[in-house]
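# Topology and contacts: notes
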Amino acid sequence: MPAFIIRRLAQSVFVMLVVAMVAFLMFNYVGDPVHQMVGIETSMQEREALREALGLNDPPLVQFARFVGHAVQGKFGLSYQYKRPVAELFEERLPATLELSLVAALFSLVIGIPMGVYTGLHRSGFLSRIFMTFSLIGISLPTFLIGILLIFVFAVILGWLPSYGRGEVVAIGGWTTGLLTISGLKALIMPAITLGMFQLTLIMRLIRSEMLEVLRTDYIKFARARGLTDRAINFGHALKNTLVPVITITGLQIGSIIAFAIITETVFQWPGMGLLFLQAIHNVDIPIMSAYLILVAFFFVVINLIVDILYYVVDPRLRVDMGKAGGHG
Amino acid sequence: MSEPLLNVAHLRIEFNTRRGTLVAVDDISFDVMPGEVFGVVGESGAGKSLTGQAIIGLLEPPGRIAAGEIRLDGRRIDNLPYGQMRRLRGRQIGMIFQDPLTSLNPLYTVGRQLVETIQTHTSMNHEEARRRAVALLEDVGIPAADKRIDHYPHQFSGGMRQRVVIALALCANPRLVIADEPTTALDVSIQAQIILLLKQLCEQYDTAVILITHDMGVIAEISDRVAVMYAGRIVEIGGVREVVKNARHPYARGLMGAIPSLHRRVEKLNQIDGSMPRLTEIPSGCAFHPRCPQAFERCRRERPDLVRVGESQVACWLYGRTS
Ligand SMILES: Nc1ncnc2c1ncn2[C@@H]1O[C@H](COP(=O)(O)OP(=O)(O)OP(=O)(O)O)[C@@H](O)[C@H]1O
Ligand code: SF4
Ligand SMILES: [Mg+2]
């Protein structure tokens, strides 16, 4: 295990460095940082002094090292728009996005896995067909359209749910949560469904096709021939064998849920990172953009690491003394 | 003479396809006695596996039993409700598949798979089941069984895995095991070991075996009686000595000629030309007539049924009484 995890860790660090490089280049060379910070009336000398003070005259490598050093400490400079540290802005916004993303991911798993198992087991059942049709809709409708439709029905026509915002939030330490208030939960429902819908259908279809595949394997036939119960076969043997691809996809999807939250946050005016990022693009607020880039990359890398560790837990073949690689297929 | 353990009577297996109904197994009947090794031999596509699947109740749709009866100890089992049939599997009738590499769930230790199966069929607690599992692994010749029990399938070689598969098939002590080409996927050097192990264990546990294979040599080695199948029908059935030494049906004789035997002088290796017909184009009369060196007019028109010839039964007009 250690060797395998250490190798992955090293790869992760490398990926993060590459991303930091991109963010750094963006930070330093897209537009002039000094120009963004000062007024028109500032003199050349003052500008030059600021350059010197910011270290912008140092060799690029030194600047990059400093940039990485700061990034590790969570220092991403001042936002041009807000004139406040980016880290502070992120701290305010991150809980909203993470809560939304996690609830959306949970929603897609909790609904998607049972639907996938069901449609895999009852291939041509009536309910399966309904699920499959429904999943086609989920896959083909763009996210924003789902969001707008939901708003139209549940906020505008029925008036059951708020159409924007996060509702009341409660602060616990530095973390603001909407999960503890009724209005917070109500506000979360539609954005989470909107954000999770695509993943839900994806996971359902994935589980279904993996189930169909696994149910055809010899070890399932042999399990049946030994008289094991359907329950043991379907859930103990078959479902577990579908998990490796499902873990992969889920991992990737959680990453993209966080990234795609931008659209959902815009539709629902959700006060999260995505909204902040969009505004930053509008106003060429480079520090926010580069910090966002690094943060999202960081999430992807961490999730990938978790996925790798889960593989290791689920599939004993990866745990082998590598000398005896097993046949499979 | 004792009662048969298994009785298959007029079994017919069909597939409903878009192009109509295909008959894959057509009116076959045979008995398996308690503790005997019953060989089923024939070229690919003869219907051997389907017969085995029908007996254990695992025919896959669209395949279905269209006619006939299967009895175990005189009790009909081909029309049992699903739950009852499930309890029979493993407990009364076990099955061993061709490929040990894919027969075991890769994600569980062999011990877990054994314990699960034992506990499905007995009231043993985990400890007892595990002790039985270790004993079984020892029985099938796995060294250091008490350690190996916690290993995963990929940590075993092919031959060892097939031993584990045999242990799994036998772990609830079934009365009958259907072994569908149990050694085909194995290295030639270990095939004989596995076959002998199977034979010896089944003797020890008093389990009857239906041994399905292409390999007449294996049949000659260990079975008591043998059925030769061609295009979904039994063309010759009888005691193994009789059929091997004295095959009557031209197809059976062809198969015997193909035995690469060390024990028997083979005068000439007469391979049979051509191949098994597809289900969609089974010839009229005797299905073997296009390939049969001795075919004559009647063979093309009328289908021969099994008739007693010496101590065997043969379906061939060469032996039929004129009607
Ligand atoms: N699902 C199916 N649909 C249509 N035909 C099928 C199906 N399954 C099997 N068959 C046909 O039934 C016939 C008998 O198949 P079976 O598997 O019993 O042959 P076998 O004697 O075991 O051959 P082998 O030695 O290749 O295993 C074959 O011609 C096969 O093509
Ligand atoms: S019945 Fe005729 S064709 Fe068929 S095996 Fe006998 S001789 Fe050959
Ligand atoms: Mg077969």
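Residues numbered from 1 in each chain as written. Chains lettered and ligands numbered in written order. Predicted model: local features only at pLDDT ≥ 70, side-chain atom pairs only at ≥ 80, totals over all residues. Heavy atoms only, no water.

## Description of the overall build of chain B
- A tally of regular secondary structure across chain B gives 12 helices and 12 strands.
- The globule rule puts the C-alpha radius of gyration for 323 residues at 20 Å, and the 20 Å found for chain B is close to it.
- Projected onto the principal axes, the alpha-carbon positions of chain B cover approximately 65 × 45 × 45 Å.
- Counting across all 323 residues of chain B, residues that qualify as buried make up 54%.
- Expressed as a percentage of contacts within chain B between residues at least 6 apart in sequence, the contacts between residues at least 24 apart total 64%.
- For chain B, the accessible surface area stands at approximately 14400 Å², while carbon and sulfur atoms represent 48% of it. (Helix = DSSP H or I, 4+ residues; strand = E, 2+ residues; numbered from the N terminus. Rg over C-alpha atoms; globule rule 2.2 N^0.38 Å. Buried < 20%, exposed > 50% of the residue type's maximum accessible area, 1.4 Å probe, protein only. Contact = heavy atoms within 4.5 Å. Areas by Shrake-Rupley, 256 points an atom, 1.4 Å probe, with all protein chains shown as cover.)

## Let's talk about unusual backbone geometry
All names here are of chain B.
- That bond from Pro-61 to Pro-62 is cis: its omega, 5°, falls within 30 degrees of zero.
- In this structure, Pro-62 sits in the loop between helix H1 (48-56) and strand E4 (63-72).
- Located in the positive-phi region is His-10, a residue other than glycine, with phi close to 50°.
- Note on placement: His-10 falls in strand E1 (residues 6-17).
- At Asp-206, a position not held by glycine, the phi torsion is positive, near 60°.
- Looking at the element boundaries, Asp-206 is found in the loop between helix H8 (188-205) and strand E8 (208-213).
- The class for Asp-206 is exposed, based on a relative accessible area of 52%.

## Quick notes on the environment of Gly-257 of chain B
- Within the secondary structure, Gly-257 of chain B is located in helix H11 (residues 250-257).
- Counting along the chain gives 72 residues from Gly-257 of chain B to Ala-185 of chain B, while the straight-line C-alpha distance between them is 23 Å.

## Concerning a nonpolar patch on the surface
Residues and elements named next belong to chain A.
- On the surface, Phe-144, Leu-145, Ile-148, Leu-149, Phe-260 and Ile-263 cluster together to form a nonpolar patch covering roughly 520 Å² of accessible area.
- Counting residues per element, the ones that place at least two in the nonpolar patch are helix H7 (143-157) and helix H10 (230-267).
- With 4 residues, the single largest contributor to the nonpolar patch is H7.
- Here Ile-263 lies in helix H10.
- Among the residues examined, Ile-263 registers a relative accessible area of 33% and is labelled partly exposed. (Patch = residues over 30% accessible without salt bridge, like charges linked within 9 Å, V, L, I, M, F, W, Y side chains within 5 Å. Salt bridge = Lys/Arg side-chain N within 4 Å of Asp/Glu carboxyl O.)

## Quick look at the packing of H10 of chain A against helix H12 (residues 286-314) of chain A
Residues and elements named next belong to chain A.
- In the contact formed by H10 and H12, the axes pass within 10 Å of each other and the chain directions differ by 170°. Comparing the axis directions of H10 and H12 gives the class roughly antiparallel.
- When grouped by side-chain class, the residues that make up the contact of H10 with H12 number 16 nonpolar, 5 polar and 1 charged. (Axes fitted to C-alpha atoms, helices over the stretch in contact; angles between N-to-C directions. Parallel < 35°, antiparallel > 145°, perpendicular 65-115°, else oblique. Nonpolar A, V, L, I, M, F, W, Y, C, P; charged D, E, K, R; others polar.)

## Topic: the site of ligand 1
Residue and element names in this part refer to chain B.
- Taken together, Phe-15, Ala-24, Ser-44, Gly-45, Ala-46, Gly-47, Lys-48, Ser-49, Leu-50, Glu-181, His-214 and Leu-279 make up the full set of residues adjacent to ligand 1.
- Taking Ser-49, its side chain carries an N or O atom lying 2.6 Å from an oxygen atom of ligand 1.
- Glu-181 places a polar side-chain atom, nitrogen or oxygen, 3.2 Å from an oxygen atom of ligand 1.
- Expressed as a share of its isolated accessible area of 630 Å², the protein-covered part of ligand 1 is 66%.
- Here the element with the most residues in the shell around ligand 1 is H1; it accounts for 3 residues. (Near = heavy atom within 4 Å. Polar contact = N/O pair within 3.5 Å; in protein donor to acceptor, adjacent residues only side chain to side chain.)

## What to know about the sheet that holds E4 of chain B
Residue and element names in this part refer to chain B.
- One open sheet holds the 4 strands; their spatial order is E2-E1-E4-E5, and the pairing between them is antiparallel. Bordering the open sheet on either side are strand E2 (20-32) and strand E5 (75-76), each of which pairs with just one other strand.
- Taken together, the 2 bridges between E4 and E5 define a ladder with antiparallel strand orientation. From the neighbouring strand, Leu-72 faces E5, where its bridge partner is Arg-75.
- Contacting E1, E2 and E4, H1 crosses the sheet at an angle of about 110° to E1. (Pairing = 2+ DSSP bridges.)

## What to know about the environment of Arg-93 of chain A
Residue and element names in this part refer to chain A.
- In this fold, Arg-93 is placed in helix H5 (residues 86-121).
- Given a relative accessible area of 16%, Arg-93 falls into the buried group.
- As a C-alpha pair, Arg-93 and Ala-280 span 187 residues in sequence and 13 Å in three-dimensional space.
- Other than its neighbours up to four places away in sequence, Arg-93 contacts Tyr-82, Pro-271, Gly-272, Met-273, Leu-275, Leu-276 and Gln-279.

## So, the pairing of strand E9 (residues 225-230) of chain B
Residue and element names in this part refer to chain B.
- Counting buried positions along E9 gives 5 out of 6 residues, so the element sits mostly inside the fold.
- Looking at chain direction, strand E3 (residues 37-41) and E9 are connected through 4 bridges and run parallel. Among the inter-strand pairings, Val-40 is bridged to a residue of E9, identified as Ala-227.
- Both E9 and strand E10 (residues 233-239) contribute to a ladder of 6 bridges, which runs antiparallel. Opposite Val-228, over in E10, you have Glu-236 as the bridge partner.
- Between the end of E9 and the start of E10, which pair antiparallel, lie 2 residues, with Ala-231 showing a positive phi angle near 50°.

## Examining the interface of chain B and chain A
- At the interface, 32 residues of chain B touch 27 residues of chain A.
- Here chain B and chain A share an interface that buries about 2600 Å² over both sides, 58% of which is from carbon and sulfur atoms.
- When the buried surface of chain B facing chain A is broken down by residue, Thr-102, Leu-107 and His-154 of chain B rank first, second and third, together holding 25% of it.
- Counting across the chain B and chain A interface gives 1 salt bridge.
- Where Lys-221 of chain A meets Glu-60 of chain B, a salt bridge forms, and the shortest distance between an N and an O atom there is 4.0 Å.
- Scanning the region where chain B abuts chain A turns up 11 residue pairs in polar contact (both at pLDDT 80 or more).
- Among the elements of the structure, helix H2 (82-88), strand E6 (93-96), helix H3 (100-103), helix H4 (110-121) and helix H7 (158-170) of chain B are those that each provide at least two residues to the side of chain B that touches chain A.
- With 6 residues, H4 of chain B is the single largest residue contributor to the side of chain B that touches chain A.
- Residue classes in the side of chain B that touches chain A are distributed as 14 nonpolar, 10 polar and 8 charged. (Buried area = accessible area lost by both parts, 1.4 Å probe.)

## Things to note about the site of ligand 2
- Lining the immediate environment of ligand 2, one finds His-249, Pro-250, Cys-286, Phe-288, His-289, Cys-292, Gln-294, Ala-295, Cys-299, Cys-316, Trp-317 and Leu-318 of chain B.
- For the shell around ligand 2, the per-class residue count stands at 9 nonpolar, 3 polar and no charged.

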